[in-house]
Amino acid sequence: MRHPFARALFMLFMISEVHPFSDGNGRISRIMMNAELTSAGQSKIIIPTVFRTDYLSALRQLTRKDNPEKLINAIQRVRLFSYNIRGVNFEQMRDYMERCNAFKEEDEYILRF
């Protein structure tokens, strides 16, 4: 498994699946995913609030149905979203994220960019 994205997904899934801590497994798995990406000089991935259900559903598909395709597709989507968070200041980046519905509750909105 040489590609940084593949290693990052593996790390995300393994920590989520093994669930080694009593609390914070999701946060730690995303930190470790991003550690793999940044160590290879790639952009970090942010899971926005509006995408939380899609992300968790994709993880469940891999856990319960041995189907990695949904997780790969979901993380690729938020990877593109995250890559486009650019700006010279916080306000520009927050504005982009608001236009994408990143902070909205997922039952009423979708992630767009």
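Every chain is numbered independently, its residues counted from 1 as its sequence is written. Side-chain atom pairs in this predicted model are given and counted only at pLDDT of 80 or more, local residue features only at pLDDT of at least 70, and totals for whole chains, interfaces and linings cover all residues. The side-chain values count all of the structure's non-hydrogen atoms but skip hydrogen atoms and water molecules.

Trainee: I would appreciate a short explanation of the nonpolar core in the present structure.
Mentor: The nonpolar side chains of soluble globular proteins are, as a tendency, buried together. In these notes, a set of buried Ala, Val, Leu, Ile, Met, Phe, Trp, Tyr and Cys residues joined through side-chain atoms within 4.5 Å is what counts as a nonpolar core. Working definition: with a 1.4 Å probe on protein chains only, accessible area under 20% of the residue-type maximum means buried, over 50% means exposed, and in between means partly exposed. Of all hydrophobic cores here, the largest spans 26 residues; its most connected members are Ile45, Leu71, Ile75 and Phe81. Where this core is concerned, the elements lending two or more residues are helix H1 (4–18), helix H2 (25–39), helix H3 (52–65), helix H4 (69–83) and helix H5 (90–99). Pairs of residues are marked as contacts when any of their non-hydrogen atoms sit within 4.5 Å. Apart from the residues lying within four places of it in its own chain, the contact partners of Ile45 are Phe5, Met33, Asn34, Leu37, Ile75, Val78, Arg79 and Ser82. Going along the chain from the N terminus, every DSSP run of H or I of four or more residues is numbered as a helix, and every run of E of two or more is numbered as a strand.

Trainee: Before we go on, may I ask you to explain the environment of Ser22 in this structure?
Mentor: Following the sequence through the fold, Ser22 ends up in the loop between H1 and H2. On the accessibility criterion, Ser22 (83% relative accessible area) is exposed. Sequence separation of Ser22 and Ala6 is 16 residues, and the distance between their C-alpha atoms is 26 Å.

Trainee: How should the packing of H1 against H3 be read in this particular structure?
Mentor: When two helices pack together, you describe them by how their axes are tilted relative to each other and by the distance separating the axes. Here the axes come from fitting lines to C-alpha atoms, over the contacting stretch only for helices, and the angles between their N-to-C directions go from 0 to 180 degrees. Between H1 and H3, the shortest axis-to-axis distance is 11 Å and the interhelical angle comes to 75 degrees. In terms of axis orientation, H1 runs roughly perpendicular to H3. Residues Leu12, Phe13, Ser16 and Glu17 of H1 form the contact with H3, whose participating residues are Tyr55, Leu59, Leu62 and Thr63. Each residue gets one of three labels, nonpolar for Ala, Val, Leu, Ile, Met, Phe, Trp, Tyr, Cys and Pro, charged for Asp, Glu, Lys and Arg, and polar for the others, Gly among them. Residue composition of the contact of H1 with H3, by class: five nonpolar, two polar and one charged. Note on angle classes: values under 35 degrees are labelled roughly parallel, values over 145 roughly antiparallel, values of 65 to 115 roughly perpendicular, and the remainder oblique.

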